[in-house]
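Tertiary structure, described
The lines below spell out each chain.
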Amino acid sequence: MAREISYQQAINEALRQEMERDSTVLVMGEDNAGGEGSPGERDAWGGVLGVTKGLYPRFPDRVLDTPISESAFIGAAIGAAAAGMRPVAELMFIDFMGVCFDQIFNQAAKFKYMFGGKAETPVVIRTMVGAGLRAAGQHSQMLVSIFTHIPGLKVVCPATPYDAKGLLIQSIRDNDPVIFCEHKMLYGVTGDVPEESYAIPFGEANVVRDGKDATIVTFGRMVHLANEAAGELAKKGVQCEVIDLRTTSPLDEDTVLESVGKTGRVVVVDESNPRCSIASDISSLIAMKAFGDLKAPVQMVTAPHTPVPFADSLEDLYIPSAASIQTAVRRVVEYN
Amino acid sequence: MADVHPVTVPKWGLSMDKGTVMVWHKQPGDRVRKGEDLLDVESDKIANVIECPADGVLRRQVAAVGDVLPVGALLGVVADAEVPDAEIDALVADFQANVKPIEAAAAGGPQPQVVQVQGRRVRYLAMGAGGDALLLLHGFGGDLNNWLFNQEPLAHERRVVAIDLPGHGESDKRLDTGGVDEYAACVTHFMDAVEVGAAHFVGHSMGAAVALRIAADSAARVRSLTLVCPAGLGTEINVDYLRGFAAANSRNALKPLLAQLFADPALVNRQLVDDVLKYKRLEGVTDALEKTIAAQFEDGKQRTLLRDIVARIPAQVIWGDEDRIIPPQHADGLPASVAVHRLAGAGHMAHMEAAAEVNPLIASFIAGVK
């Protein structure tokens, strides 16, 4: 039955239901079981922000604490996947992917292609993305586009509790490696989520809001800011269509192009740095396939080309805001 | 009053219960023409313009920008310049006296409940009290929300209970056979569980076949039958729709199918498609729907034929003239005791599309049952 739960609870519920359904699903990562080896400390943490808390008592032999060595345990998860398990590894922050990048892009992403299609790697790497938690330059990045760039990986960025549950279940059942990007500022967001299990297919964008004047294409936390901006603009008579991509790989080109065909005016919002970003990727898609529909140049709203600053005031300026999205929409709507 | 036109908050989707006034395009005293943009209203999902209902003058802006108002609340009044102010003020006062606050409508309104029926979870929504109970049975792929426009109006006189059939809505999705017998047995056991001995039945489509089955097997539990675009009266059915619905897993696949349910395909908006998709993705739904098709509509024909039942129990048939799922001709040749109402401009979801006609038909029919 649908009830309101948080984004964090939705992720926990997806893990629990898939572990109940399929005994090859296992959860591993730093403090996922919580203080392994220290009496009285089991299930104390459930990962750094408690997302996996409660799983260890239910599945004591399938929730594994790992050493603080991402290169080792991500490699182990990928190997276990190749050997028939469905591991869900928690790599605390996407910023730490650098140390295990070979395991991900040279191994996991390539197995299917280099072993004649016979090898499958159903691993999920859950990781936190995004700024706003005052966690500075090494814990706040939005590196989604780096993984989107690599063929063989699927990249998932849920914006709501409903999507978080359904997309994580799909990620676990999918036979390819999935980078599952959880925005740390969304964990407390609540919404209607069915108690029953359900999977949302990859490559299907969600039209969050209908409108005829301009299209805002975005994903992750920015969906909420885009909605806020669209609500403000509606008071002034500007109706925005808001598209949540949900997965950046595979990408739902059709929904984007269909909307551009309707509005002819586009703003792409991406929390990451602007160069080689999802924003620039979507912009080029529209330039190539919908040029004739455009009534104004595509606008991008992104972070600047700098690391995420630590000072609160600067971090707030760094992250795209509802106000900056409104300004960009006005620019495309007023263009002649 | 013919020249006075109230402008009210419209209902743009199943789940829309309120709207926010975003901007007025006309000011009080402005001359307005029919079809001109009057104001923008926004729901949770959509912002849209409300057009002027007639030529005249915008006499009142009752709602201010930023107001959040329930569906049906008064936004403004358009009337000829000659209509006296007193008449306008009387209309406004009348609306304000009857307006329901949103909090009361949402929080105080009845919520669905869950009951265990032979080890199976069944969700239902009960409204009203007294009288012989009225049971609402939705069709293939539907749920209790299909009665959104009927249940509350019918509940003024009696207890009205809408259920999610097994495999549907938020009831358990597991079905053993998917046959009409299994659905019927679940409904009678449900009646036991909620202590309803006998009831009036309103069944839509497959739900009508279920009601006919119950009437055939346990006549004492059925006071009357209202069959809306029913299965069970003939063999033809649009099985391409049924199979397409069971298989559809995306917005683009589902939308043209749902459009077949209505005479006016514009009623299939994004919200409706999203709600159906959310249901279809739940674990076990595809299996339940496929079992139901195999058991009840194999080879593209209806297997349950219970035409003779309507002669034994007070019965009426309501059918949308533009039904593209089950042909309305199935109502031809029924016994003279069975009233048949064919509704122009309505499709298979006649109870939604033409609720204003369907509700009085049901209410007066039941009132006349001895």
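Side note on the overall build of chain A
On a plain count of helices and strands, chain A comes out with 12 helices and 14 strands. Taken over C-alpha atoms, the radius of gyration comes to 20 Å for chain A, in line with the 20 Å a tight globule of 336 residues would show. A principal-axis box enclosing the C-alpha atoms of chain A has dimensions of 65 × 45 × 40 Å. The burial tally for chain A puts 54% of its 336 residues in the buried class. Looking at chain A alone, contacts between residues at least 24 apart form 77% of all its contacts between residues at least 6 apart.

Overview of the interface of chain B and chain A
Opposite the 16 residues of chain B that make contact, chain A presents 19 residues. Mapped by element, the contributors of at least two residues to the side of chain B that touches chain A are β2 (18-24), β4 (37-42) and α8 (270-281) of chain B.

Thoughts on the domain arrangement of chain A
Residues and elements named next belong to chain A. By the assigned domains, chain A splits into domain 1 (3-193) and domain 2 (206-334). Inter-centroid distance (C-alpha atoms) of domain 1 to domain 2 is 27 Å. If you look at the interface, domain 1 gives 25 residues, while domain 2 gives 24 residues. Elements supplying a minimum of two residues to the side of domain 1 that touches domain 2: α6 (144-148), β6 (154-156), α7 (161-173) and β7 (178-183). Its residues assigned to classes, the side of domain 1 that touches domain 2 comprises 14 nonpolar, eight polar and three charged.

Details of the packing of helix α8 (residues 222-235) of chain A against helix α12 (residues 322-334) of chain A
All names here are of chain A. The N-to-C vectors of α8 and α12 enclose an angle of 55°; their axes lie 8 Å apart at closest approach. Accordingly, the angle class assigned to the pair α8 and α12 is oblique. With respect to the hand of their crossing, α8 and α12 are arranged in right-handed fashion. In contact with Leu225, Ala226, Glu228, Ala229, Glu232 and Leu233 of α8, α12 contributes Ala322, Ile325, Gln326 and Val329. Broken down by class, the residue content of the contact of α8 with α12 amounts to seven nonpolar, one polar and two charged.

With respect to unusual backbone geometry
Geometrically, the link from A:Ser249 to A:Pro250 is a cis peptide bond, its omega value of 0° lying close to zero. Relative to the helices and strands, A:Pro250 resides in the loop between β12 (247-249) and α9 (253-263). With a phi close to 40°, B:Cys229 is a non-glycine residue in the positive phi region. Residue placement: B:Cys229 occurs in the loop between β14 (222-228) and α6 (239-247). C-beta crowding within 10 Å serves as the criterion here: with 29 such atoms nearby, B:Cys229 is assigned to the buried category. One non-glycine residue, B:Asp299, lies in the positive phi region at around 60°. The residue B:Asp299 is located in the loop between α9 (285-296) and β15 (315-320) in this model. In this structure B:Asp299 comes out as exposed when scored by C-beta crowding, with 8 C-beta atoms within 10 Å.

Looking at the environment of B:Val4
Residue and element names in this part refer to chain B. Counting through the fold element by element, Val4 comes out in strand β1 (residues 4-8). C-alpha separation for the pair Val4 and Glu87, spaced 83 residues apart in sequence, amounts to 8.7 Å. Leave out the neighbours within four places in its chain, and Val4 touches Val77, Ala79, Val83, Glu87, Ile88 and Leu91.

Here we look at the domain arrangement of chain B
Considered domain by domain, chain B is made up of domain 1 (4-95) and domain 2 (114-367). If you average the C-alpha positions of domain 1 of chain B and of domain 2 of chain B, the two centres end up 36 Å apart.

A closer look at the nonpolar core
Judged by nonpolar contacts, the single largest core of 206 residues is most densely connected at A:Ile216, A:Ala226, A:Val267, A:Ile325, A:Val329, B:Val210 and B:Ala350. With residues up to four places along the chain from it excluded, the contact list for A:Val267 reads A:Ala214, A:Ile216, A:Gln299, A:Val301, A:Ile325, A:Ala328, A:Val329 and A:Val332. Core analysis: the second largest hydrophobic core is formed by five residues, A:Ala303, A:Val308, A:Tyr318 and A:Ile319 among them.

Examining the pairing of β14(B)
Residues and elements named next belong to chain B. Buried residues dominate β14, accounting for seven of its seven residues. In this structure, strand β13 (residues 199-204) lies alongside β14, joined through six bridges in parallel fashion. Paired with Val202 across the strands is Thr226, a residue of β14. Handedness of the β-α-β unit built from β13, helix α5 (residues 206-217) and β14 comes out right-handed. Bridging between β14 and β15 involves four bridges; their strand directions are parallel. By the bridge assignment for β15, Leu227 is matched with Val317.

Some remarks on the sheet that holds β7(A)
Residue and element names in this part refer to chain A. If you walk across this open sheet you meet the seven strands as β3-β2-β4-β5-β7-β6-β12, and the pairing is mixed. Each edge of the open sheet carries a strand with a single partner, namely β3 (63-65) and β12. Averaged over all pairs of adjacent strands, the angle between strand axes in this sheet comes to 20°, irrespective of strand direction. Across five bridges, the pairing between strand β4 (residues 86-93) and strand β5 (residues 124-129) is parallel. Residue pairing in the sheet places Leu91 in a bridge with Thr127 of β5. Relative to β4, helix α3 (residues 70-82) is tilted by about 160°, and along the sheet it contacts β2 (25-29), β4 and β5.

What to know about helix α7 (residues 251-259) of chain B
Since the α-helix advances by 3.6 residues per turn, residues separated by three or four positions end up pointing in the same direction. All names here are of chain B. All buried positions along α7 are accounted for by Leu254, Leu257 and Leu258. All buried residues of α7 lie within an arc of 95° about the axis, which places them on one face of the element. Looking at α7, the residues exposed on the side facing more than 90 degrees away from the buried face are Asn252 and Pro256. Looking at the packing, one finds that the buried side of α7 touches α6 and α8.

Here is what the cut-offs are and how they apply
Residues numbered from 1 in each chain as written. Chains lettered and ligands numbered in written order. Predicted model: local features only at pLDDT ≥ 70, side-chain atom pairs only at ≥ 80, totals over all residues. Helix = DSSP H or I, 4+ residues; strand = E, 2+ residues; numbered from the N terminus. Rg over C-alpha atoms; globule rule 2.2 N^0.38 Å. Buried ≥ 20, exposed ≤ 12 C-beta atoms within 10 Å, placed from the backbone. Contact = placed C-beta atoms within 7 Å. Domains from an automatic or database assignment. Nonpolar A, V, L, I, M, F, W, Y, C, P; charged D, E, K, R; others polar. Axes fitted to C-alpha atoms, helices over the stretch in contact; angles between N-to-C directions. Parallel < 35°, antiparallel > 145°, perpendicular 65-115°, else oblique. Left-handed = near helix turned anticlockwise from the far one by under 90°. Core = buried A, V, L, I, M, F, W, Y, C linked by C-beta atoms within 7 Å. Pairing = 2+ DSSP bridges. Right-handed = clockwise from strand over helix to strand, strands pointing away. Arc of directions from axis to C-beta.

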